[in-house]
Amino acid sequence: MAAVSGGGPRIPSVRIGPIDLAARVDEALAVQAVAFGLGPEEVEVRRHIVLRHLDHPHARALGATTPGGRLVGFVYGMPNERGQWWSTVVEPYLRATGCVHWLDNSFVITELHVLPEFQNHGIGRTLITTITDAVDQPRSILSAIDTESPARGLYRSLGYQDLARQVLFPSAPKPYAVMGAPLPLRRKGRGPARPPTMDFRPPAPPG
């Protein structure tokens, strides 16, 4: 379990470790609703999606909690499978950029959210590096709204690079970018833990 210092008396320290996300799904979605600007109907839809994802035998989840037990951030993900809905949507975009092989042997960061008042204190960074450090896959992929946001800046600092942009998900009002990074992720102030060379070419056929 990792500890992250707060930003003074108004931002207490938090502990980051495994959580039973299915049992705390309503708390997690309350965080996501504030961090991502979701309305009640969207929250209910995402509740069913999260619970379905957590049925995956290799899904992982971490939470950031205050000493009093308040959940202020969370991350979850799973090994990618070509038949998953997200994978089927992004596949043609990745195929067009020569990056479709990133869908294989990758760990997907499905959601990562931190309450606004707890952002910029290293919590999101610790959540994503901790969860990916524990997986067997050699790389990670995720999708983020395709705009120059603090989230995109965080992902780039960790070694993620754009694999495809202007990806349209059904019912999503804004386009997304799909990003990928080799694992382990880059550490702040130390350079990459592994050279972040991004291979955008399809793998050579066998033989």
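Treat the numbers as computed from the prediction; the structure is a model and nothing was measured.

About the cut-offs
- Residues numbered from 1 in each chain as written.
- Predicted model: local features only at pLDDT ≥ 70, side-chain atom pairs only at ≥ 80, totals over all residues.
- Heavy atoms only, no water.
- Helix = DSSP H or I, 4+ residues; strand = E, 2+ residues; numbered from the N terminus.
- Buried < 20%, exposed > 50% of the residue type's maximum accessible area, 1.4 Å probe, protein only.
- Contact = heavy atoms within 4.5 Å.
- Areas by Shrake-Rupley, 256 points an atom, 1.4 Å probe, with all protein chains shown as cover.
- Salt bridge = Lys/Arg side-chain N within 4 Å of Asp/Glu carboxyl O.
- Core = buried A, V, L, I, M, F, W, Y, C linked by side-chain atoms within 4.5 Å.

A.B. asks: Explain the overall build of the chain to me, and be specific about the residues and the numbers.
C.D. replies: Each helix and strand in the chain was counted, giving 5 helices and 8 strands. Expressed as a percentage of the 207 residues in the chain, the buried residues total 45%. Sequence-distant contacts, at least 24 apart, represent 65% of the contacts inside the chain between residues at least 6 apart. Approximately 10700 Å² of the chain is accessible, and the part contributed by carbon and sulfur atoms is 55%.

A.B. asks: Account for the side chain of Gln-137, naming residues and giving values.
C.D. replies: Following the sequence through the fold, Gln-137 ends up in the loop between α4 (123-133) and β6 (139-145). Taking relative accessible area as the criterion, Gln-137 reaches 17% and is therefore assigned buried. If we skip the residues at most four places from it in the chain, Gln-137 touches Pro-79, Asn-105, Ser-106, Phe-107 and Leu-183.

A.B. asks: Explain the pattern of salt bridges to me, using residue names and the numbers behind them.
C.D. replies: Counted under the stated rule, the structure contains 14 salt bridges. Here Asp-162 ties to Arg-152 by a salt bridge, and the two come within 2.8 Å at their closest N and O atoms. In this pair, Asp-162 sits in strand β7 (residues 161-167) while Arg-152 sits in helix α5 (residues 150-157), placing the two residues 10 residues apart along the sequence. The residue Asp-162 makes a salt bridge to Arg-156 at a minimum N-O spacing of 3.7 Å. Overall, the relative accessible area of 30% leaves Arg-156 in the partly exposed class. Beyond isolated ion pairs, a larger network of salt bridges with shared partners links Asp-146, Glu-148, Arg-152, Arg-156, Asp-162 and Arg-165.

A.B. asks: Describe in detail the side chain of Asn-80, supporting the description with residues and values.
C.D. replies: Along the chain, the position of Asn-80 falls in the loop between β4 (71-79) and α3 (85-96). In this structure Asn-80 comes out as buried when scored by relative accessible area, which is 9%. Filtering out sequence-adjacent residues up to four positions away, Asn-80 remains in contact with Trp-86, Ser-87, Leu-103, Ser-106, Val-108 and Ile-141.

A.B. asks: Give me the lowdown on the nonpolar core, citing residues and values where you can.
C.D. replies: Core analysis: the largest hydrophobic core is formed by 43 residues, its most contacted members being Ile-109, Ile-123, Leu-127, Ile-128 and Tyr-160. Looking at which element gives the most residues to this core, the answer is β4, with 6 residues. Non-local contacts of Ile-128, meaning those with residues more than four positions away in its chain, are made with Ile-109, Leu-112, Leu-142, Tyr-155, Leu-158, Tyr-160 and Leu-185. Grouped together as the second largest cluster of nonpolar side chains are 16 residues, Val-100, Ile-141, Ala-164 and Phe-169 included.

A.B. asks: Provide a residue-level description of unusual backbone geometry, including the pertinent values.
C.D. replies: In the segment running from Leu-183 into Pro-184, the intervening peptide bond is cis, with an omega of 5°. Summarising the element assignment, Pro-184 is placed in the segment after β8 (176-182). Not every positive phi belongs to a glycine, and Ser-171 is a case in point at roughly 75°.

Taken by themselves, the reported measurements are silent on function.
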